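# Summary of the model geometry
Read off the chains here:
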Amino acid sequence: MFLQAPDDSPYDLHFMLFGFPIRIAWTFWLGAVVIGHGFASSIDDAAKGLSPGIFPLLFLWTACLFVSILIHELGHAFAFRYYGRECSIVLYHFGGLAIPSSMRSDGRGFADSFSSHRSNEISDLVIALAGPVAQLASAFIFAGVITAVGYEVTAFYAMPWPLDRLVSWFPGEPVTGIGLNATIFFYMFPSVLWALLNLLPVFPLDGGRVMRSLVLMSGDRGDTWLWISMVSAGAVAFYALTQGGQPIMGLLFLSLGFGNYQMMQSPYR
């Protein structure tokens, strides 16, 4: 499955932050370069002779992505701690996972924990929301700082409607420095768009966990949440493959939808 953390390797980076064990899999750096190459190339081409070069831009992208995703997972981790559970964090090729200490290191336990009817739906909902909310909050705080020093947050111009309208919330002088302009875009893009994408009602994304908690809170203990997840995953995959020009996203959501179908067929969920 796409959203499983890779096995530990001697090439991974380990450290502690706020009491949480953090592991950065080597695949995270590889994935960041693969995803960010197009962005760095576009800025390098547009800047022409003023560009610092594609490699410094890729380094900047990777640093911004690292901070953004780490903040997302710390949001989950602090929410787990609030409800009395410690966890570790893994960043890997497709993002990150906050894994409670009582669950398996491959990340499956994190998804399986939401399949137990004994779990507290309210705490599940809060924990699921904490990650994307923290990530979005960091983006708007960052945008506010940029505006406070007198610059316009032009990264919103590159976002789809209605997010492009948010540029009017953060007015200022145009950013002329290539480095600052790239930093704003590199941080705002994943912190806003990826956080919102993660809120789609597709399990086991955060939005799917939120949707599942809401369905269970309504008293429905059947397969409604799985049907919602499968239909949503199919719709996103269809758009990404036919209209959006995003084959990787399309394949990801096809995989998630198929995983939901397998869960529906399993007698152990």
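These lines cover the structure that appears in this document, whether it is placed above or below. What you are looking at is a predicted structure, and each value in this text was computed from that prediction instead of being measured. (Residues numbered from 1 in each chain as written. Predicted model: local features only at pLDDT ≥ 70, side-chain atom pairs only at ≥ 80, totals over all residues. Heavy atoms only, no water.)

Let's shift gears to the side chain of Ser-191. Tracing the backbone through its elements, the reader meets Ser-191 in helix H5 (residues 178–198). Residue Ser-191 is classed as buried on the basis of its relative accessible area, which comes to 0%. There is a polar contact of 2.7 Å between the side chain of Ser-191 and the backbone oxygen of Tyr-187. (Helix = DSSP H or I, 4+ residues; strand = E, 2+ residues; numbered from the N terminus. Buried < 20%, exposed > 50% of the residue type's maximum accessible area, 1.4 Å probe, protein only. Polar contact = N/O pair within 3.5 Å; in protein donor to acceptor, adjacent residues only side chain to side chain.)

The subject of this paragraph is the packing of helix H2 (residues 54–82) against H5. Where H2 meets H5, the closest approach of the two axes is 9 Å, and the angle between their N-to-C directions is 35°. Both H2 and H5 take part in a crossing whose hand is right-handed. Along the contact surface, H2 presents Leu-57, Leu-60, Trp-61, Cys-64, Leu-65, Val-67, Ser-68, Ile-69, Ile-71 and His-72, while H5 presents Gly-179, Ala-182, Thr-183, Phe-186, Tyr-187, Phe-189, Pro-190, Ser-191, Trp-194 and Asn-198. Taken together, the residues of the contact of H2 with H5 sort by class into 14 nonpolar, six polar and no charged. (Axes fitted to C-alpha atoms, helices over the stretch in contact; angles between N-to-C directions. Left-handed = near helix turned anticlockwise from the far one by under 90°. Contact = heavy atoms within 4.5 Å. Nonpolar A, V, L, I, M, F, W, Y, C, P; charged D, E, K, R; others polar.)

Structurally, Ala-237 can be placed in helix H7 (residues 224–242). For Ala-237, a relative accessible area of 1% corresponds to the buried category. In this structure Ala-237 touches Gly-250, Phe-253 and Leu-254, once residues within four positions along its chain are discounted.

In spatial order, the strands read E1-E2-E3-E4; together these four strands make up an open sheet with mixed pairing. Edge positions in the sheet fall to strand E1 (13–17) and strand E4 (95–100), since each of these pairs with one other strand and no more. Here the average twist between neighbouring strands, direction ignored, is 20°. Both strand E3 (residues 87–92) and E4 contribute to a ladder of six bridges, which runs antiparallel. (Pairing = 2+ DSSP bridges.)

In this section: the nonpolar core. Ranked by size, the top nonpolar core spans 50 residues in total, and within it Leu-91, Val-153, Phe-156, Phe-186 and Met-188 carry the most contacts. At twelve residues, the largest contribution of residues to this core is made by H2. Each residue touching Leu-91, except ones within four places of it in the same chain, is listed here: Arg-23, Ile-24, Ala-25, Phe-28, Phe-66, Ile-69, Leu-70, Glu-73 and Gly-96. (Core = buried A, V, L, I, M, F, W, Y, C linked by side-chain atoms within 4.5 Å.)

A few words on the pattern of salt bridges. Counted by the stated rule, this structure contains five salt bridges. Glu-86 is the partner of Arg-81 in a salt bridge, and the nearest nitrogen-oxygen pair spans 3.0 Å. The exposure class assigned to Glu-86 is partly exposed, which follows from its relative accessible area of 38%. Taking the shortest distance from any N to any O, the salt bridge between Glu-121 and Arg-221 comes out at 3.0 Å. Of this pair, Glu-121 sits in helix H4 (residues 121–148) while Arg-221 sits in the loop between helix H6 (206–217) and H7, and the two are 100 residues apart along the sequence. Taking the relative accessible area as the measure of exposure, Arg-221 reaches 40% and is therefore partly exposed. Three or more residues joined by partner-sharing salt bridges are found here, namely Asp-8, Asp-12 and Arg-23. (Salt bridge = Lys/Arg side-chain N within 4 Å of Asp/Glu carboxyl O.)

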